[in-house]
Amino acid sequence: MTRILVTGAGGMLGRDLLAVLATRDDLQVTAATRGDLDVTDAGAVRAAVTGHQVVVNAAAWTDVDGAERDEAAATAVNGDAVAHLARACAEHGARLVHVSTDYVFAGDADTPYAEDAPTDPINAYGRSKLAGERAVVRFLPETGYLVRTAWLYGAHGRNFVTTMIGLAATREHLDVVDDQQGQPTWSYALAGQLVALVDAALAGRAPAGVYHGTCTGRTTWYGLARAAFAHAGLDPERIRPTTSDRFPRPAARPAYSVLGHDRWAEAGLSPLPDWRDALSDAFDSPSAPAPWKVA
C-alpha cells in the first residue's frame, strides 16, 4: 500500500486530487489542508512527510497581485515551503510531485515553451514559484517532479470560468482581454494527470524533472469566456474583446503562456486533452458547480 500525502488539499486542485485518489484502493491518502499543515514550518513538514512514499504539493500562494505587494510572504509559501518539503522528501526517501506555473517564463515567445526553455519571470509571483522549482531540483534531482500548469479552472474555488458565469447575471456585456494567449486547463483533468505521473514514477517509467500540465491547443481569455458562455447556454456575443491596457494590474501578466508537452512521452503518458474538449467535459460533469449552471 503506497502512502501519499497531498498538501493544499482544501484548494481547487487539491480537492480534485482527493476525488481522483478516492477511486483507488491501492493508495493510502493523507489529506493536509492549510489548517492541518503549515507548509512554512519546516518541523511540521518533516513530521507530515514521515511515513509517506509520495508527496503531491498543491499548496501555493496564488494571489498574483498580492505577491507583487508582499513578495517575501509569497516566497515563503511558494519557495521556502517547497524547500522544506523537498528536504523532508530527500530525508525520508519520498518522491515529490510539485505543481508550478507558466509564470516562470517571460511570456514573450511566439512558439510553445519547451520544458527546458530558459526561465525569466516578469513578476514577484513568478519569481516565488521559480524559487520553489529550484529547491526541488537542488534537493531531489532524481525523485523530484515539477508540473507547470496555467489558466486553471475547476469546480472548487474562484477562477476565471466561474467568475465569467457569475458576472453574466449582473452585466449585459463583458469586456475580456484578447491579447493574452494561453491554455485553459480543467483542474480535475490535471489531477488525473498528476496521479498518472505518480503511477509512472512508482513504476520507474517517469524520469524526474519538468513536465507541462496544461491542456493542448491555445486561446485567449476572450476566447475562453465565449466558449464558457456557449457551454452555459448564454449568448457568446455578450463577450466583447479588449486589450490588457484597459485593465492595469499591480503585477505584469505574460502575454504568451503556451507550453509544449513533449516530455510526457518519456513517461509513457499522453498530454492533457485539447482545452475545448476539457471545457466540454467540465460542463458535462455531474459534479459541475452551481455557478456553471444557468437556469
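As annotated in an unreviewed UniProt entry, the protein carries the name dTDP-4-dehydrorhamnose reductase and comes from Micromonospora rifamycinica. UniProt, in the comment section headed Function (unreviewed entry), describes the protein in these words: "Catalyzes the reduction of dTDP-6-deoxy-L-lyxo-4-hexulose to yield dTDP-L-rhamnose." According to UniProt, the comment filed for the protein under the heading Sequence similarities (unreviewed entry) is "Belongs to the dTDP-4-dehydrorhamnose reductase family."

Bringing the overall build of the protein into the picture now. When helices and strands are tallied, the protein shows nine helices and twelve strands. The C-alpha radius of gyration computed for the protein amounts to 19 Å, which stays within 12% of the reference 19 Å derived for 295 residues, consistent with globular compactness. Its C-alpha atoms give the protein principal-axis dimensions of roughly 55 × 40 × 35 Å. The buried share among the 295 residues of the protein stands at 52%. Within the protein, counting contacts between residues at least 6 apart in sequence, those at least 24 apart form 83% of the total. Within the structure as shown, the protein displays about 12,600 Å² of accessible surface, and the carbon and sulfur contribution to it stands at 49%. Across the protein, the centroid of the 26 positively charged side chains sits 3 Å from that of the 35 negatively charged ones.

Now for the nonpolar core. Ranked by size, the top nonpolar core spans 59 residues in total, and within it Leu17 and Leu194 carry the most contacts. Residue contributions to this core peak at nine residues, all from helix H7 (residues 187-202). Not counting residues within four places of it along the chain, the set of residues in contact with Leu194 comprises Leu13, Leu17, Val56, Val97, Val99 and Val147. Of all hydrophobic cores here, the second largest spans 20 residues; its members include Leu5, Ala32, Val45 and Ala88.

Evaluation of the coordinates by the stated rule reveals eight aromatic pairs. With 5.3 Å between their ring centres and 80 degrees between their planes, Tyr103 and Tyr125 make a pair best called edge-to-face. Linking Tyr103 in the loop between strand E4 (95-101) and helix H5 (124-139) with Tyr125 in helix H5, this pair joins segments that are 22 residues apart in sequence. The exposure class assigned to Tyr125 is buried, which follows from its relative accessible area of 9%.

Before going further, it helps to examine the pattern of salt bridges. Close approach of charged atoms allows side chains of opposite charge to pair. The full count for this structure, using the stated rule, is eleven salt bridges. In this structure, the salt-bridge partner of Asp65 is Arg253, at a minimum N-O distance of 2.6 Å. With a gap of 188 residues between them, Asp65 in helix H3 (residues 64-69) and Arg253 in the loop between strand E12 (239-242) and helix H9 (275-284) connect regions that are remote in the sequence. For Asp65, a relative accessible area of 8% gives the class buried. Assessed through its relative accessible area of 22%, Arg253 is described here as partly exposed.

Conventions adopted
Residues numbered from 1 in each chain as written. Predicted model: local features only at pLDDT ≥ 70, side-chain atom pairs only at ≥ 80, totals over all residues. Heavy atoms only, no water. UniProt positions renumbered as here; feature names shortened; annotations may be inferred. Helix = DSSP H or I, 4+ residues; strand = E, 2+ residues; numbered from the N terminus. Rg over C-alpha atoms; globule rule 2.2 N^0.38 Å. Buried < 20%, exposed > 50% of the residue type's maximum accessible area, 1.4 Å probe, protein only. Contact = heavy atoms within 4.5 Å. Areas by Shrake-Rupley, 256 points an atom, 1.4 Å probe, with all protein chains shown as cover. Lys, Arg positive; Asp, Glu negative; His and termini not counted. Charge placed at Lys NZ, Arg CZ, Asp CG, Glu CD. Core = buried A, V, L, I, M, F, W, Y, C linked by side-chain atoms within 4.5 Å. Phe/Tyr/Trp six-rings, centres within 6.5 Å; stacked < 30°, edge-to-face > 60°. Salt bridge = Lys/Arg side-chain N within 4 Å of Asp/Glu carboxyl O.

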